[in-house]
Amino acid sequence: MKLILKIFAKAPGKIIITGEHFVVHGSLALATAIDKGALVQAEAFEDIEILSKALGSYSSKKRQVPLSLKPTLEAIKATLEFIGEKKGVRVMIDSDLPVSSGLGSSSAVAVATVAAVASTLDHELSPEEMVNLAMVSERITHGRPSGIDVNVAVYGGVILFKIGEKPRQIKLDKDVEFIVCHSGIEHRTSKMVSKFSEMKKLYPNLFTSLVASSNYFTEKAAFALMNRDLTTLGAIMNFFHSVLSNFGMSTRELDQLIEKALEAGCIGAKLTGAGGGGCIIALPKSGEARVVAESLKRKGIDASIVKLPLEGVKVWQEKS
Ligand code: MEV
């Protein structure tokens, strides 16, 4: 019996704690990996084949590429080209991240895919190479991404990110628990990024000073997170939500979720990711995450506690 070598790669999703949108314009942003992500299985194959429950299927024999798989297909082609291989690959994608919801689903899929494809061809990519190849997919999905989502998926843990700089890892002595509430409404990141960028034209001076404030408060938020100063961290999260909301990034549903989370006793709450739908994150007082999440769930809210894993993308093999 012939042994088949299967390659697996898993990459985490993310939440942005502070600095989304401003990061596209040069500010620092603080983000962390979460305990949900994308699992990709890959094996050597004569063609390129992609199978995904959420995104559909593609075979290079058929040629028609569903729009949902174009970014993944281009990242696979870029990886094969980078390694200098003319072979094909079969890729199976599974993810427990909701799509278009601000939790980094597309980046987790892109990073796990390029890592698994390279490993199928006996090639280990460096973290920088993974970021660059996954960005091929992200640019098709989001237009002008900062790269923060992809960097979290590659490096894991909590990172301080700025365009053009190597991400700085933040070490936490003890886990901090965030609650994620999903509005159930999907958004288009590229649309929200364009809408936010319009503000730069409308209010150039205010915009420049808010990018500087985002940078300053993100540094403060990272320091507060490291020192478990939840009061300061919560206040900074509230500041970010009100600014993002004033720039039209929130929705009635997201604002209601924020109100409910604060009413339930959270210290801070804000939209996370692009906004216009998707999720909010809320910071409960120390030791209160479970009680708060349960009370939100009783009100019919899709609330869950996220753990902050240290690991970024991970690749392994199994024989079958
Ligand atoms: C999306 O997760 C975060 C945004 O800041 C866009 C980006 O950084 O690419 C809205």
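Student: Is there a simple way to explain the domain arrangement of the protein chain in this structure?
Tutor: Accessible area lost during the coming together of the parts is what is often quoted as the interface size. Taken as a whole, the protein chain is organised into domain 1 (5-170 + 310-319) and domain 2 (178-306). Taken over C-alpha atoms, the centre of domain 1 sits 25 Å from the centre of domain 2. Taken together, the 33 residues of domain 1 in the interface contact 41 residues of domain 2. At the boundary of domain 1 with domain 2, total buried surface from both sides reaches about 2900 Å², with 68% on carbon and sulfur atoms. The largest share of the area that domain 1 buries against domain 2 comes from His21, Phe22 and His25, three residues that together contribute 26% of it. On the surface where domain 1 and domain 2 come into contact, there are two salt bridges. The shortest N-O distance in the salt bridge between glutamate 219 and arginine 168 comes to 3.7 Å. Only strand 1 (5-18), strand 2 (29-45), helix 3 (127-142), strand 6 (158-161) and strand 7 (168-170) provide two or more residues apiece to the side of domain 1 that touches domain 2. Considering every element that reaches the side of domain 1 that touches domain 2, the biggest residue donor is strand 2, with five residues. Its residues assigned to classes, the side of domain 1 that touches domain 2 shows 15 nonpolar, 12 polar and six charged.

Student: Mind showing me how you'd approach the site of the ligand here?
Tutor: Taken together, 13 residues lie near the ligand, and Lys14, His21, Pro145, Ser146 and Asp149 sit nearest. Look at the ligand: alone it shows 300 Å² of surface, and the protein chains cover 96% of it. Where the shell around the ligand is concerned, the elements lending two or more residues are strand 1 and helix 4 (148-155). Split by domain, the residues of the shell around the ligand number at least three in each of domain 1 (5-170 + 310-319) and domain 2 (178-306).

Student: It is not clear to me how the nonpolar core should be interpreted in this structure. Could you clarify?
Tutor: A general feature of soluble globular proteins is that nonpolar side chains tend to end up buried together. By size, the foremost hydrophobic cluster in this structure holds 96 residues, and its most contacted members are Leu30, Ile50, Val91, Val111, Phe178 and Leu233. Ranked by residue count, the leading element in this core is helix 2 (residues 105-120), at 10 residues. In this structure, this core is formed jointly by two domains, domain 1 (5-170 + 310-319) and domain 2 (178-306), each of which donates at least three residues. If near-sequence neighbours (up to four positions away) are discounted, leucine 233 is found in contact with Ile17, Phe178, Ala221, Ala224, Leu225 and Leu283. Of all hydrophobic cores here, the second largest spans 11 residues; its members include Ala29, Ala31, Ile148 and Ile159.

Student: Hey, could you run me through the pairing of strand 8 (residues 178-182) in this one?
Tutor: Regular strands place side chains that alternate from one sheet face to the opposite one. The buried fraction of strand 8 is high, at five of five residues. A two-sided burial pattern is seen for strand 8, the buried positions comprising Phe178, Val180 and His182 on one face and Ile179 and Cys181 on the other. Pairing between strand 8 and strand 11 (residues 302-306): five bridges, direction antiparallel. Among the inter-strand pairings, histidine 182 is bridged to a residue of strand 11, identified as aspartate 302.

Reading guide: rules and limits
Residues numbered from 1 in each chain as written. Predicted model: local features only at pLDDT ≥ 70, side-chain atom pairs only at ≥ 80, totals over all residues. Heavy atoms only, no water. Domains from an automatic or database assignment. Contact = heavy atoms within 4.5 Å. Buried area = accessible area lost by both parts, 1.4 Å probe. Salt bridge = Lys/Arg side-chain N within 4 Å of Asp/Glu carboxyl O. Helix = DSSP H or I, 4+ residues; strand = E, 2+ residues; numbered from the N terminus. Nonpolar A, V, L, I, M, F, W, Y, C, P; charged D, E, K, R; others polar. Near = heavy atom within 4 Å. Areas by Shrake-Rupley, 256 points an atom, 1.4 Å probe, with all protein chains shown as cover. Core = buried A, V, L, I, M, F, W, Y, C linked by side-chain atoms within 4.5 Å. Buried < 20%, exposed > 50% of the residue type's maximum accessible area, 1.4 Å probe, protein only. Pairing = 2+ DSSP bridges.

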